[in-house]
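Commentary on secondary and tertiary structure
Below are the chains, spelled out letter by letter.
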Amino acid sequence: MALKYAGIEVEHREIELRNKPSSMLQVSPKGTVPVLCVDQLVLEQSVDIMRWALGKSDSDNWNLVDQSLSQAWIEKNDGPFKALLDQFKYPNRYPELNQEEVLHSALDLMLNPMEANLQSSLYLLGSKMTWVDIAIFPFIRQFSIANPEKFDGLDLPCLKKWLNQHIESELFRSVMQKYPTWVD
Ligand SMILES: N[C@@H](CCC(=O)N[C@@H](CS)C(=O)NCC(=O)O)C(=O)O
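None of the values given here were measured: they were computed from a predicted structure.

Conventions used here
- Residues numbered from 1 in each chain as written.
- Predicted model: local features only at pLDDT ≥ 70, side-chain atom pairs only at ≥ 80, totals over all residues.
- Helix = DSSP H or I, 4+ residues; strand = E, 2+ residues; numbered from the N terminus.
- Rg over C-alpha atoms; globule rule 2.2 N^0.38 Å.
- Contact = placed C-beta atoms within 7 Å.
- Axes fitted to C-alpha atoms, helices over the stretch in contact; angles between N-to-C directions.
- Parallel < 35°, antiparallel > 145°, perpendicular 65-115°, else oblique.
- Nonpolar A, V, L, I, M, F, W, Y, C, P; charged D, E, K, R; others polar.
- Core = buried A, V, L, I, M, F, W, Y, C linked by C-beta atoms within 7 Å.
- Buried ≥ 20, exposed ≤ 12 C-beta atoms within 10 Å, placed from the backbone.
- Domains from an automatic or database assignment.

What follows concerns the overall build of the chain. Counting its regular elements, the chain contains nine helices and two strands. When its helices and strands are written in sequence order, the chain yields α-α-β-β-α-α-α-α-α-α-α. On C-alpha atoms alone, the chain measures out to a radius of gyration of 17 Å, which is about the 16 Å that the 2.2 N^0.38 rule sets for 184 residues. Considered along the principal axes of its C-alpha atoms, the chain spans approximately 45 × 40 × 30 Å. Sequence-distant contacts in the chain: of pairs separated by 6 or more residues, those separated by 24 or more amount to 64%.

What follows is the structure, encoded as structure tokens:
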């Protein structure tokens, strides 16, 4: 989304995670997606790719954020919330965990604090959309899809409105397409 927003054209190589092409592992042995190869650089973290793209072009000032606030949200999302998301998405991998407890931890840690922010402003960090909204909403989307009935029953009206706005956005739709799988 950041690349598209910044108007950067890329050669998009969709890969099969179960069968990673050796050309990818050669440039990025850590073997996770996304990876961006540009100007002799190999960017292997989504957040680095976003920063690089916005450094090139940022017409709506997505980058105009309080640095420590944005970092705190991203760290919470990528660390403990991502762990809870995996536990919520793949309960069979965590038979020892109680799903209700996982859900409550996710609410306490992330979903309720986001709801509180979104009750007083349209976006996570205030009245303007920033890269932090774009970085975090795909994780909330995954959470909502993992157990739609449960998610629908949660009292998070502003979070749901925010999520739908992003899911229905032209930007999201334009990048969420099926791409052919890359074969070396
Ligand atoms: N912190 C990394 C996480 C990357 C990551 O874990 N990607 C997953 C897919 S969403 C992956 O490539 N997993 C490797 C695998 O499943 O083999 C980032 O934001 O780029």
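Between helix H5 (residues 99–120) and helix H8 (residues 157–167), whose axes approach to 7 Å, the crossing angle comes to 80 degrees. In terms of orientation, H5 and H8 fall into the roughly perpendicular class. Taken together, the residues of H8 that come into contact with H5 (itself represented by Leu111, Met114, Glu115, Leu118 and Gln119) are Cys158, Leu159 and Trp162. Tallied by class, the residues present in the contact of H5 with H8 amount to six nonpolar, one polar and one charged.

The biggest cluster of nonpolar side chains holds 31 residues, and the ones touching the most others in it are Ala2, Ala106, Trp131, Ile136 and Leu159. Counting only elements with at least two residues in this core, the list comes to helix H1 (2–5), helix H3 (46–56), helix H4 (67–89), H5, helix H6 (131–146) and H8. When residues in this core are grouped by element, the largest group, eight residues, is from H6. Both domains that meet at this core, namely domain 1 (2–59) and domain 2 (67–170), each give it at least three residues. If we ignore the near neighbours within four places in the chain, the residues touching alanine 106 are Phe81, Leu84, Phe88, Leu111 and Phe143.

This paragraph deals with unusual backbone geometry. For residues other than glycine, phi is negative in most cases, and the peptide bonds are mostly trans. Between valine 33 and the following residue, proline 34, the backbone shows a cis peptide bond with an omega angle of 0 degrees. Among the structural elements, proline 34 can be located in the loop between helix H2 (22–27) and strand S1 (36–38). Located in the positive-phi region is aspartate 39, a residue other than glycine, with phi close to 45 degrees. Tracing the sequence through the fold places aspartate 39 in the loop between S1 and strand S2 (41–43). For aspartate 39, a count of 7 C-beta atoms within 10 Å gives the class exposed. For glutamine 40, which is not glycine, the phi torsion reads 65 degrees and is therefore positive. Mapping glutamine 40 onto the fold places it in the loop between S1 and S2.

On to the domain arrangement of the chain, then. The domains assigned to the chain are domain 1 (2–59) and domain 2 (67–170). A straight line from the C-alpha centre of domain 1 to that of domain 2 covers 24 Å. Between domain 1 and domain 2, the contact holds four residues from the first and four residues from the second. For the side of domain 1 that touches domain 2, the leading source of residues is H3, giving three residues. For the side of domain 1 that touches domain 2, a count of residues per class yields four nonpolar, no polar and no charged.

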